[in-house]
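# Overview (structure and organization)
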Amino acid sequence: MKRLLATSLLTVLTVYAVCGQSVIKEKINTIKKQSDIYFYDQYAHSNADTARVKATEWVLLSVNNGRTPDQELTYEAVAPYVKHLVMTSGGVTRDFAYVKKSDLPANTAITPTPQPSPTPRPVPAPERFVPDMFVQKLMEQKDFQSVHRYLRALMADGQVRMFGPLSQVEDNSSLDLIVFDLNTQQIITLLSPVTAGGTRVNLTTGAADSLDNYPEDMVAVIWYIKD
């Protein structure tokens, strides 16, 4: 009898979990259809706190898109207004973060914080390889926020067609990638689209490389398409 009750309880809980996930997915899809009302983005990670923080950071990038540096909002100013829809599967937490545009506080300025050198390292460079000027200019931006602002400027100037977080695309094999250290936010390297040989080219070194060489839990990635 006890075993039957336990089995019945487990079945009920499973049904509730499935229904709960469906409700969350439906709400996420509703928010995505209201981009005139909300800023939103998402991040998946094995650690729920990391997923929450990174999803909020991606929302912050959308919030600050189109603002001048002195008008940008800080993480601390925006985070209290950001809401989260969370789903878990296979030990991975997917955090969907969103904020109502009308709830955002007044503009505040960001004070840049010097960052140490990143921990992950790119593949060693072949001798006498010189990156092209586009790559050199991107590498000069150093950190995540600077690169994001620079890409916005290039897009406004018609040199970049579009860019965004890797979570926005299902297939990134045809895209150029910018890899950042997740902890320091500093740029590590740039990777070309996947070549016919199945590898990418490290655009800072000229060597064969792969996104798999940069552990997912240690890096953040932006894709971009040049015009």
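See above for the structure.
One structure accompanies this document, and this report is about it.

Thresholds applied
- Residues numbered from 1 in each chain as written.
- Predicted model: local features only at pLDDT ≥ 70, side-chain atom pairs only at ≥ 80, totals over all residues.
- Heavy atoms only, no water.
- 1 Å grid on protein atoms, 1.4 Å probe; cavity = no way out; pocket = protein on both sides within 12 Å on 5 of 7 lines; lining within 4 Å.
- Points joined across faces, edges and corners; volume = space filled by probe spheres on them.
- Helix = DSSP H or I, 4+ residues; strand = E, 2+ residues; numbered from the N terminus.
- Nonpolar A, V, L, I, M, F, W, Y, C, P; charged D, E, K, R; others polar.
- Expected span 1.5 Å × (residues − 1).
- Buried < 20%, exposed > 50% of the residue type's maximum accessible area, 1.4 Å probe, protein only.
- Contact = heavy atoms within 4.5 Å.
- Polar contact = N/O pair within 3.5 Å; in protein donor to acceptor, adjacent residues only side chain to side chain.
- Salt bridge = Lys/Arg side-chain N within 4 Å of Asp/Glu carboxyl O.
- Pairing = 2+ DSSP bridges.
- Axes fitted to C-alpha atoms, helices over the stretch in contact; angles between N-to-C directions.

### What about the layout of surface pockets?
Its volume calculated, the second largest pocket comes out at about 390 Å³. Considering the residues around the second largest pocket, the lining is formed by 17 residues, among which Y43, L166, S167, E216 and V219 are closest to the centre. Where the lining of the second largest pocket is concerned, the elements lending two or more residues are β1 (38-45) and β9 (219-226). Along the lines of polarity and charge, the residues of the lining of the second largest pocket split into 12 nonpolar, three polar and two charged.

### With respect to helix α5 (residues 144-156)
Side chains of residues three or four places apart in an α-helix project in the same direction, reflecting 3.6 residues per turn. In this model, α5 (13 residues) spans 19 Å end to end at C-alpha, consistent with the 18 Å of a helix rising 1.5 Å per residue. The complete set of buried residues in α5 reads F144, S146, V147, H148, L151, R152 and L154. Structurally, α5 contributes buried residues whose contacts are with α2 (48-64), α4 (133-139), β4 (160-165), β5 (176-181), β6 (187-191) and β9. The N-terminus of α5 is capped by D143, whose side-chain oxygen sits 3.4 Å from the backbone nitrogen of Q145. Note on α5: the residue one or two positions beyond its end, G158, has a positive phi of about 85°.

### A few points about α2
The end-to-end C-alpha distance of α2, which contains 17 residues, comes to 25 Å, matching closely the 24 Å that a straight helix rising 1.5 Å per residue would cover. Those residues of α2 not exposed but buried are A51, K54, A55, T56, W58, V59, L60, L61, V63 and N64. The backbone nitrogen of D49 lies 2.9 Å from a side-chain oxygen of the residue at the head of α2, namely N47. Downstream of α2 by one or two residues, G66 has phi in the positive range, about 95°.

### What to know about the environment of D36
Among the secondary structure elements, D36 is positioned in the loop between α1 (2-32) and β1. Since its relative accessible area comes to 60%, D36 is described here as exposed.

### Brief notes about the pattern of salt bridges
Inspection of every chain in the model, using the stated rule, returns four salt bridges. With a shortest N-O distance of 2.4 Å, E57 and K54 are connected by a salt bridge. Linking E57 with K54, this pair stays in helix α2, spanning three residues, or about one helical turn. We classify K54 as buried; its relative accessible area is 7%. As a salt-bridge pair, R161 and D227 come within 3.7 Å of each other at their nearest N and O atoms. Here R161 is found in strand β4, whereas its partner D227 is found in the segment after β9, with 66 residues between them in sequence. Overall, D227 belongs to the exposed group, its relative accessible area being 59%. Sharing partners across several salt bridges, the network here consists of E72, R149 and R152.

### Digging into empty space enclosed by the protein
Counting across every chain of the model gives one cavity of 30 Å³ or more. Taken as a whole, the largest cavity encloses approximately 60 Å³ of empty space. If you go around the largest cavity, the residues you meet are Y43, K54, E57, W58, L61, F144, Q185 and A220. The greatest single-element share of the lining of the largest cavity, amounting to four residues, is contributed by α2. In terms of residue class, the lining of the largest cavity is built from five nonpolar, one polar and two charged.

### So, the sheet that holds β1
Across a sheet, paired strands are connected by hydrogen bonds in the backbone, their directions being either parallel or antiparallel. Judged by pairing direction, the sheet is antiparallel, and its three strands sit side by side in the order β1-β3-β2 without closing on themselves. Across the chains shown, the open sheet's two edge strands, defined by having one partner strand only, are β1 and β2 (83-89). Ignoring strand direction, the axes of neighbouring strands in this sheet form an average angle of 15°. Sheet analysis places β1 next to strand β3 (residues 92-100), joined by eight bridges and oriented antiparallel. Following the sheet pairing, Y38 is matched in β3 by K100.

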